[in-house]
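# Chains, contacts and geometry: an overview
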Amino acid sequence: RGPAGPGMAAAAFERRVLRSAAEHHYLRVRLELPDGGARPNAAQFKQLVVTALRELHGEVGAALPVDVLTYEEKTLSAILRVISSGLVKLWSALTLLGFYQNRRCAFRVLQFCLFFLSPNQTSPFLLALSGNSRELVLD
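Residues numbered from 1 in each chain as written. Predicted model: local features only at pLDDT ≥ 70, side-chain atom pairs only at ≥ 80, totals over all residues. Heavy atoms only, no water.

## Description of helix α1 (residues 42-62)
For α1, with 21 residues, the first-to-last C-alpha span of 17 Å runs short of the 30 Å given by 1.5 Å per residue. At L56, α1 shows its largest bend, some 120 degrees. Looking at α1, one finds that the buried residues are F45, L48, V49, V50, A52, L53, G61 and A62. For α1, the capping residue at the N-terminal end is N41, with a side-chain oxygen 3.1 Å from the backbone nitrogen of A43. (Helix = DSSP H or I, 4+ residues; strand = E, 2+ residues; numbered from the N terminus. Expected span 1.5 Å × (residues − 1). Bend = angle between axes of the 7 residues up to and from the residue. Buried < 20%, exposed > 50% of the residue type's maximum accessible area, 1.4 Å probe, protein only. Polar contact = N/O pair within 3.5 Å; in protein donor to acceptor, adjacent residues only side chain to side chain.)

Here's what the structure looks like:
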């Protein structure tokens, strides 16, 4: 007679951890500057991402390969590509960054995706990262 009672088998549980086979992860982010002021251009935005990585993870973090695939200066939003092994470092660095040019700021991660694509393939999911249906203006 076991802990499950007479005639009942004890439940067996198995823990499984699945790791992503994706080479890159993609983040759609927005920089929030509550007190307005100068907006960063694409180069300054990229430098801000590298600065965030350097402040939290040192030179190793700053060397992490992060690509700014798109950047919209009007909305301060971008699509970032990072190698899978650097996702947690990038996300944490962006989350903890608090200042841009001595002004308060915050990064918001709007969307997150991973893909199993070769460089020659395209994906409708990547296109979905580039827009927000709630901000769509129809003529």
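After presenting the structure, the write-up continues.
## A few points about the sheet that holds strand β1 (residues 24-32)
Pairing is antiparallel across the open sheet formed by four strands, whose spatial order is β2-β3-β1-β6. At either margin of the open sheet sits one strand with a lone partner, and together these are β2 (66-72) and β6 (106-114). Taking the axes of each pair of neighbouring strands and ignoring which way they run, one obtains an average angle of 25 degrees across the sheet. As judged from the six bridges shared by β2 and strand β3 (residues 77-83), these two strands associate in the antiparallel manner. Bridge pairing in β3 places D67 opposite R81. α1 rests against β1, β2, β3 and β6 of the sheet, and its axis sits at about 140 degrees to β2. (Pairing = 2+ DSSP bridges. Axes fitted to C-alpha atoms, helices over the stretch in contact; angles between N-to-C directions. Contact = heavy atoms within 4.5 Å.)

## Some details on the packing of aromatic side chains
Tallied over the full model, the rule gives three aromatic pairs. Consider the rings of F45 and Y71, whose centres lie 4.6 Å apart with planes at 35 degrees: the pair is tilted. Highlighted residues: F45 in helix α1 and Y71 in strand β2, separated in sequence by 26 residues. Ring centres 5.6 Å apart and planes at 75 degrees place the aromatic pair F45 and F107 in the edge-to-face group. Of this pair, F45 sits in helix α1 while F107 sits in strand β6, and the two are 62 residues apart along the sequence. (Phe/Tyr/Trp six-rings, centres within 6.5 Å; stacked < 30°, edge-to-face > 60°.)

## A short note on the nonpolar core
If you look at the biggest cluster of nonpolar residues, it comprises 24 residues, and the most contacted ones within it are F45, V49, L80, L90 and F107. Looking at this core, the element that brings in the most residues is α1, giving five residues. Here L90 is in contact with L27, V49, L53, L64, V66, L80 and V82, once residues within four sequence places are set aside. (Core = buried A, V, L, I, M, F, W, Y, C linked by side-chain atoms within 4.5 Å.)

## Some details on the pattern of salt bridges
Enumeration over the complete set of coordinates arrives at four salt bridges. A salt bridge links R30 to E32, with the shortest nitrogen-to-oxygen separation between them at 2.9 Å. Since its relative accessible area comes to 28%, R30 is described here as partly exposed. Close ionic contact of E32 with R108 constitutes a salt bridge, the shortest N to O distance being 3.2 Å. Remark: R108 occurs in strand β6 and E32 occurs in strand β1; sequence separation between them is 76 residues. In this structure R108 comes out as partly exposed when scored by relative accessible area, which is 39%. Salt bridges linked by common partners bring R30, E32 and R108 together as one network. (Salt bridge = Lys/Arg side-chain N within 4 Å of Asp/Glu carboxyl O.)

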